[in-house]
Amino acid sequence: MAQDPQDIRRRINQFTTGNVLGYNRVALQVFGMLGHGKSSLINSSVSVVKDEEYQNVAGAGQSQGGITTSRHEHELTDALVMIDNRGFQKLAKKEIVEACAQLCSLRDIGEVSWKKDNLEVTLGQLPQKYTDRPRDLILPVLVYSAMFFLTADDTANMERLITNSFNITGIHPIVVITKCSADKVEEVKNKFGNLGAMKRICLENYTENNYERTEEKDRNILEFVNMCIQEAERVLKMRQNEDPQTRFITQATQQVERESEILREEKKTVNGSDKKSGCKPS
């Protein structure tokens, strides 16, 4: 029997972290390809959890996919927030490495460039992040539209993102599949399962053109948020005897190596191009 949306909403609003290990919030880091419904999911979740009229708080449909973008935080409850990140353009290695930095809590809310060298940003974050005890438990959420087919390259890159997300957070991304009426929805759902994403849910977002609330849509969105809470509770229980600072040091060290590797690869590419053109590397 389907749960009453009001019962699910009540549970969500009653959720707290219990201040386990100093965490007082769960931050849902929302990632996804451009145009797959990431910002619409945030708009829908805010509206339904708060039981308010739909508003385009995340700027759905306004993404420019530019060089520089902003990360924004949207509150669902006192203990639960969603963080909107720039949509992936190609899910290239550099984009995945930048997503890893955000999952490691090495990026602040606000403007972040996904194309420039961010190693300097990471190194600049380390002293303060090491001193300040983490207050947010990070939980990755990945949004994917069933309207799009996963190619072999897409699948390999998704697997890399999912694996890195788990290694950093200890949580496989919760995958939200949008456009559920598409023919390939089951194929997409199964493919993500094969990539290690065990928590998957299909739902339809509210949008600027379709914002009339229905019980079924509300229930599905609330079930997604409740799924996130259940994962958070599992991880908080598992980490009760863990030192967050030790985890952070390990994550930060690995992130510096990821970003250093990107720089080495780019330098090698530039040097190779210079040799072909007969130019001396600077």
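Residues numbered from 1 in each chain as written. Predicted model: local features only at pLDDT ≥ 70, side-chain atom pairs only at ≥ 80, totals over all residues. Heavy atoms only, no water.

(A) Spotlight on the pattern of salt bridges. Tallied over the full model, the rule gives 19 salt bridges. Between E266 and K94 there is a salt bridge; the shortest N-O distance is 2.9 Å. One end of the pair, E266, is in helix α8 (residues 244-277); the other, K94, is in helix α3 (residues 93-103), and 172 residues separate them in sequence. Taking the relative accessible area as the measure of exposure, K94 reaches 24% and is therefore partly exposed. Each of R9, D51, R213 and D218 takes part in one network of salt bridges that share partners. (Salt bridge = Lys/Arg side-chain N within 4 Å of Asp/Glu carboxyl O. Helix = DSSP H or I, 4+ residues; strand = E, 2+ residues; numbered from the N terminus. Buried < 20%, exposed > 50% of the residue type's maximum accessible area, 1.4 Å probe, protein only.)

(B) Region of interest: the layout of surface pockets. Estimates place the volume of the second largest pocket at around 580 Å³. As for the second largest pocket, its lining consists of 30 residues, and the residues nearest its centre are S105, K129, P134, D136 and I138. If you list the elements that add at least two residues to the lining of the second largest pocket, you get β1 (25-32), β2 (68-77), α3, α4 (119-131), β5 (136-145), α5 (152-169) and α8. At 4 residues, α8 tops the list of elements feeding residues into the lining of the second largest pocket. Across the lining of the second largest pocket, the residue classes break down as 12 nonpolar, 6 polar and 12 charged. (1 Å grid on protein atoms, 1.4 Å probe; cavity = no way out; pocket = protein on both sides within 12 Å on 5 of 7 lines; lining within 4 Å. Points joined across faces, edges and corners; volume = space filled by probe spheres on them. Nonpolar A, V, L, I, M, F, W, Y, C, P; charged D, E, K, R; others polar.)

(C) Summary view of the pairing of strand β3 (residues 80-84). Taking burial as the measure, the 5 residues of β3 include 5 buried ones, the bulk of the element. With burial as the criterion, each face of β3 is covered, one bearing L80, M82 and D84 and the other bearing V81 and I83. Bridge analysis of β1 against β3 gives 5 bridges, and the strand direction is parallel. For V30, the partnering residue across the bridge sits in β3 and is D84. (Pairing = 2+ DSSP bridges.)

(D) Molecular detail of empty space enclosed by the protein. Scanning the model with the defined rule gives 2 cavities of 30 Å³ or more in all. By volume, the second largest cavity is sized at about 30 Å³. In this structure, the second largest cavity is lined by F149, L150, E187, V188 and K191. Residue composition of the lining of the second largest cavity, by class: 3 nonpolar, no polar and 2 charged.

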